[in-house]
Every structure is written in structure tokens, then in C-alpha cells.
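Here is how the chains run, residue by residue.
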Protein chains: 2
Amino acid sequence: MAARSGEFDLIARHFAPIAQRDPAALSLLDDAAVFSPPAGHEVVVTTDALVADVHFRTIDTPETIAQKVLRVNLSDLAAMGARPGGVVLTTGYNRDLSEDWISRFAKSFGQDCASYDVSLLGGDTVGTPGPTFFSLTAFGYVPTGRALRRDQARLGDVIAVSGTLGDAALGLSILSGDLTGVGLAMEDFLKDRYWVPRPRLDVAKACLGLETRIAAMDLSDGLAGDCRKICGPSKVGMVFELKDIPLSDAARAVVASDPSRWNQILGGGDDYELLITGAANDIAALGDQVTVIGSVTDQVGEVLVRGLDGKMAELAPGGFDHFK
Amino acid sequence: MAARSGEFDLIARHFAPIAQRDPAALSLLDDAAVFSPPAGHEVVVTTDALVADVHFRTIDTPETIAQKVLRVNLSDLAAMGARPGGVVLTTGYNRDLSEDWISRFAKSFGQDCASYDVSLLGGDTVGTPGPTFFSLTAFGYVPTGRALRRDQARLGDVIAVSGTLGDAALGLSILSGDLTGVGLAMEDFLKDRYWVPRPRLDVAKACLGLETRIAAMDLSDGLAGDCRKICGPSKVGMVFELKDIPLSDAARAVVASDPSRWNQILGGGDDYELLITGAANDIAALGDQVTVIGSVTDQVGEVLVRGLDGKMAELAPGGFDHFK
């Protein structure tokens, strides 16, 4: 279904050039795009929607919003061990949005696609009287039968995570005025972590390269809640060591002055880091790309965290009240 | 990115059962779904978004809205000659929408997927303070290199169309009170044509079966404007014969009493019929699945229609003023 209004000619002007990169997109001139996975590979598909003032702040720049729209989906591909192939983007623009905004969004989106070697294969553009929304569907490729799954955690596995946790949640707190006095450089770092996810495609590739059993997912809603999405399908429990949770210098400074901020670090969203489990020697082979933060238990669905004082506490989906 | 609110547990309850049908969906429990095209086939992908009170009427039933969300995308697959495989569905529910509405939408969507042998492979559910929206991405399969394109029309081709034109546009006029006195049975027929598209997958399959050059697209915004989407890429013009445009009994009755309604029939949207061009003997082999309505010319971008009086007129994208 094509756009119904002449106003969308400008969309074609801004997005069509991005799509020229891949012949599969048929220059956005056809009803659909055509592609094939490489020999010996399957197609991995994921989709995520972002709504203005629900999933991003309208006052954020169109450049970082475009990066977020793409990268939250690439993070899902990373969680499956897939390398990105192409995307289709549906955009519902609020009718008051300026052409300049759309132009800047499209330019940033195109640059980010190019930097990840992802093709814009097609899309749909509609107007909406409500908040602007983006719905992106991303395709990736994974060797047949080798996709990383959430149901592969086993008793005795170690649990590891990429990057550092909590930065984005703290960054959002800074943006909303709920966290102050962190210092300009650290504030900039944390805000950037909220604005621009870093999908861990390299870590995913390394996991796949191990050619062994690994459970994986990406953290979007906080470790405390998300880890249960492995516990459920794998029928296991988890215990984390608070002292081992990897923190940026900025996050470390924040919790040092206010330990209650641990709840945000464990329960806040937008990390887009990979949570993985596997045999200790397999995880060790990943080197310093990941940090071991706990181990898998046979207490199905039970998620615990050992505090800095050595005491064990339950880790509720929204964080934990050890410091309350 | 998962839903952030407990309110969406109910979505999982309504949609997860639909997704159980295909192992590729991994029961909607993983970050993404995995699938492969059949041997010798490529993946065709298309996406369409529908916004409440832009693309459907909020007061329409959730059952027919669900059918429309799926079928407008299947129509795009038909236009490429692809047979449907799977879909991912993003839903942005207005927060005032009732669970009953969502339940009815999901049930209808599941039934329609089953009737077309389409798998729900995944999706995303978000809340929005604005109008409800749906963004669906559909995958289909087509023999490698055989997708029907828009750039394949040639001088001397005949132009044909599936089904009948204009019914949905007249149906919408009835629903909006702009067309009255058609009679109850005919009104019901026309409204149904607006509510529930019939993607012409059988016609698409027959076109592919010809194993010859065919240009194809689906009509969503009206013949008068949409036909230019073949003229452009194929660098041709078109001339239509008004007397040959296929009409339902209801549409025929409407134009008989008000010839100005021809503008709606040629310029209105939501037909979801296939427009195809090809050599006369190839099109003839499709039998009565399609009706020949014109021919391809070498007057690039020029679209004409010969009226019932034999006089030639330009066919503007919004219709033509022959009867004004």
C-alpha cells in the first residue's frame, strides 16, 4: 500500500537514495524486495517498534533516534548470533514534523545502515495525527541450525555479559533531571549510552565461532527482569555476584555516592548488551569481550544476587531492595 | 525490545497461541525467528502500516481490521508472484483500547493467517497515547529470479486486471454517507469489499506459471494513479477502454445512475486487484481470472482512456473529468 498523499514525495526523496545501495530493494520501485540467505544459512527476522515519548524522547535529535531505531533491532540479531543483512522501515510521521527533521533522520539512518553494512530493502511511510512511530523489521543470516537460543542454559553454566550495565538508565535519569552532580564528561558519556545503543555483533560472532552450546539474549529492559527470559525457556535459576557486575567509570562513581542506584543498574532498561551462559571454559575463550557475573542454578525461575556484603537477596524484575 | 508494561501480558496470551503453529517462531520466546526459503526460491519481503482513522475506521470491527492488516500485505506478495510464508506484526495499541477488542483482533488475525497458511513468526507490542497502528512485514517465496516486476511492460502488451474495480471506493462512500440508495444487498457487498481485501494469490500463481514476461503490481490507490508505477519503470504509456473495465453488478448500477462515479472507480483506492501486462496470447492463457482493459503504448508516462462515447481523454491520477 503506497502513501496516499503528495506530502510523501519528500520521503521518497530522502529514503530512496539510501535504498539504491542494494539491488534487492529494486530501488523501492516495486511492491516488495527480494533477497536470499547465503548458502548454508537461514534467515533470522526480528521487529521492534519505537513510539515518540514512549521509547524515545521527541526532543532528542533525529540523528540519534535514527541510530536507536536501527540498532535496537541489530541487537536482537546479535542475540541470535546473526549477522545483519537488510531492513524494512515503516515510519508514521506526525503531520507537524518538519521536512528538515525527516531529512536529518533519513541521512543518519542511511549512514548507520552503511556503517553496519545493512541494506534498506523497502518500507512504508504513513502520516499520523498521533505521536511519530517507527517500526523496523531486520533480517540477518546465521549458519543453518546454529542460531543462539534462550533455552540452552544448563546447571553449572557461568553467566556473562558484554560491556557495562546501567549506563543508559543513568543517562535517562540525567536527561530527565532525576540525577545530577555527576560531572560533565561522565554525564555526556551516560547520555550517549542512552541515545545510541551498541549492538554487540562482534560478541555474537565470537559466541557462534565457539561452535558450542551457548544461551544468549540481549538486555533491553534490565538484567533483573530480562534474565528470566532465559530462566523460563531453559528451566533454570540464576545467581549473580554484585561485585562482578561490570560498570563504567561513570556508573561506578554514581553508585559509590548513592548505592540505591544499583536498582537502576540492575533493573533499568536500554542496555543492549548481550547476556550469555555457557560452560566456564567456553565463556573464558571469549576473553575480555564479556564479564562473568554469576552462575546457573537448578532452582527454576529463582533469581538471586549476592550483595557486596556477601548476603544473598532475591532479585525482583524491577531491581532489588537490598539498599532501600 | 520487549514490551515494558504488565498490560502486555494479555497480548502474549492472545498472540502467542497463534504463533505456536510454526517452529520457526520459537514460540515467540526468543529475540527473533528463524526461517529458510524452500530450495530454489528467494525471499520476498514487503511491509505496510495502517493507522486508525487514516487507513481504517476505528468504528470498523476488529475482525475486519485484522483481515485488512494481513491481506494488504499478502496483496503485495501476490504482485511479486510470491506465495506467502510468514509475517511479523507490530501493534501500537491506544491505551484506551479494551482487552475484548484486542482479543477479537487477535482471534481474527490468527484465523486469517491459518486460512492463508501464513505463520506469525514474531512481533512487538507497544502502547501509544495516539491512534492505534499496525505495521506488518510479510515474507513470501518465489522461484529464484522469477519475481514479477513493474519494469517489464512493453509496447504492444495488453493490460489486464483481476476481479472488479471500484467496489471498495464505493463501499467507503456508503460508509461515510456519501453514497445512498444503492439497495441493501448491493450496499453490503460494496462495504464488504472495502473492509476485506481479497489478495489475488491464485492469479499471481497463474502468471508465474506462464513462465514468460509479465509486469505486475497490486492496485491500492486506484488504477488511474497506480498504473503510472508500471509506466515509469517500464518507460511506456497506457490506454484503457472504459467499456472494458470490469464492474460488479453493484458498481454497474451505481455508474448507470451517476456516470460521475466513474472517477471513483478509476481513481479510488483499496481495490487490491492485480494489474498485469503481457503479450496478448500470454494474457489470454490466464482465462477468465483477468479482464483485458487496455494496451501498452510507447508514449512514455501518458495514460489515456477511451470513453463510452469513443472519445479519448487523459486519465489523471485522481480520476478523469470526462463526466464532470
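Thresholds applied
Residues numbered from 1 in each chain as written. Chains lettered and ligands numbered in written order. Predicted model: local features only at pLDDT ≥ 70, side-chain atom pairs only at ≥ 80, totals over all residues. Heavy atoms only, no water. Contact = heavy atoms within 4.5 Å. Buried area = accessible area lost by both parts, 1.4 Å probe. Salt bridge = Lys/Arg side-chain N within 4 Å of Asp/Glu carboxyl O. Helix = DSSP H or I, 4+ residues; strand = E, 2+ residues; numbered from the N terminus. Nonpolar A, V, L, I, M, F, W, Y, C, P; charged D, E, K, R; others polar. Buried < 20%, exposed > 50% of the residue type's maximum accessible area, 1.4 Å probe, protein only. Polar contact = N/O pair within 3.5 Å; in protein donor to acceptor, adjacent residues only side chain to side chain. Least-squares fit on C-alpha atoms with pLDDT ≥ 70 in both. UniProt positions renumbered as here; feature names shortened; annotations may be inferred. 1 Å grid on protein atoms, 1.4 Å probe; cavity = no way out; pocket = protein on both sides within 12 Å on 5 of 7 lines; lining within 4 Å. Points joined across faces, edges and corners; volume = space filled by probe spheres on them. Phe/Tyr/Trp six-rings, centres within 6.5 Å; stacked < 30°, edge-to-face > 60°. Lys NZ or Arg CZ within 6 Å of the ring centre and 35° of its normal. Pairing = 2+ DSSP bridges. Axes fitted to C-alpha atoms, helices over the stretch in contact; angles between N-to-C directions.

### Regarding the interface of chain B and chain A
Step number 1: Residue-level contacts link 58 residues of chain B with 59 residues of chain A.
Step number 2: Summing the contributions of chain B and of chain A, the shared interface buries around 4,800 Å²; its carbon and sulfur component is 58%.
Step number 3: Applying the counting rule to chain B against chain A returns zero salt bridges.
Step number 4: Elements with a contribution of two residues or more to the side of chain B that touches chain A: β1 (33-35), β2 (41-51), α2 (62-79), β3 (83-94), β4 (119-128), β5 (133-143), β7 (215-219) and α8 (228-234) of chain B.
Step number 5: Of the residues forming the side of chain B that touches chain A, the biggest block, eleven residues, is contributed by β2 of chain B.
Step number 6: Per-class residue counts for the side of chain B that touches chain A are 31 nonpolar, 13 polar and 14 charged.

### Digging into the side chain of S234 of chain A
All names here are of chain A.
Step number 1: Of note, S234 is situated in helix α8 (residues 228-234).
Step number 2: Residue classification places S234 among the buried positions, given a relative accessible area of 9%.
Step number 3: A polar atom in the side chain of S234 sits 2.7 Å from the backbone oxygen of R150.

### Focus: the relation of the copies chain B and chain A
Step number 1: Expressed as a screw transformation, the operator carrying chain B onto chain A has a rotation angle of 180° and an axial translation of 0.0 Å, and the superposed copies differ by an RMSD of 0.0 Å. Such a turn and shift between the copies fits a two-fold axis. No C-alpha of chain B approaches the rotation axis more nearly than that of G130 of chain B, which lies at 2.2 Å.
Step number 2: Looking at chain B, 100% of its interface residues are interface residues in chain A too, so the copies touch through the same face.

### What about the UniProt feature "binding site: Mg(2+) 3" (unreviewed entry) in chain A?
Step number 1: Within this structure's numbering, the places UniProt gives as "binding site: Mg(2+) 3" (unreviewed entry) are D31, D76 and D218 of chain A.
Step number 2: Structurally, D76 of chain A is set in helix α2 (residues 62-79).

### Some words on empty space enclosed by the protein
Residues and elements named next belong to chain A.
Step number 1: Enumeration according to the criterion identifies one cavity of 30 Å³ or more in this entry.
Step number 2: The volume enclosed by the largest cavity comes to roughly 30 Å³.
Step number 3: The wall of the largest cavity is formed by F56, R57, D60, T64, I65, K68, Y194 and W195.
Step number 4: Counting only elements with at least two residues in the lining of the largest cavity, the list comes to α2 and α5 (184-195).
Step number 5: Looking at the lining of the largest cavity, the element that brings in the most residues is α2, giving three residues.
Step number 6: The class makeup of the residues in the lining of the largest cavity is four nonpolar, one polar and three charged.

### So, the packing of aromatic side chains
Step number 1: Taken as a whole and judged by the stated rule, the model has 18 aromatic pairs over all chains.
Step number 2: Taking the centre distance of 6.0 Å and the plane angle of 10° together, the rings of F105 of chain B and F109 of chain B count as stacked. Of this pair, F105 of chain B and F109 of chain B both sit in helix α3 (residues 99-115), four residues apart, which is roughly one turn of that helix.
Step number 3: According to the relative accessible area criterion, F105 of chain B is buried, its value standing at 0%.
Step number 4: Feature note: the residues F35, F139 and Y141 of chain A together with F35, F139 and Y141 of chain B constitute an aromatic cluster, connected by ring pairs.
Step number 5: For the cation-ring pair, K68 of chain B lies above Y194 of chain B, with the distance from its terminal atom to the ring centre recorded as 3.7 Å.

### Re the sheet that holds strand β7 (residues 215-219) of chain A
All names here are of chain A.
Step number 1: On the basis of which strands lie adjacent, the open sheet formed by seven strands has the order β7-β9-β6-β10-β8-β11-β12 and mixed pairing. Either end of the sheet is taken by a strand with one partner, and the two such strands are β7 and β12 (312-314). Averaged over all pairs of adjacent strands, the angle between their axes in this sheet comes to 30°, without regard to strand direction.
Step number 2: With four bridges joining them, strand β6 (residues 158-162) and strand β9 (residues 273-278) adopt antiparallel strand pairing. Bridging from a neighbouring strand, V158 pairs with G278 of β9.
Step number 3: Along the sheet, α2 contacts β7 and β9; its crossing angle with β7, the most-contacted strand, is approximately 165°.

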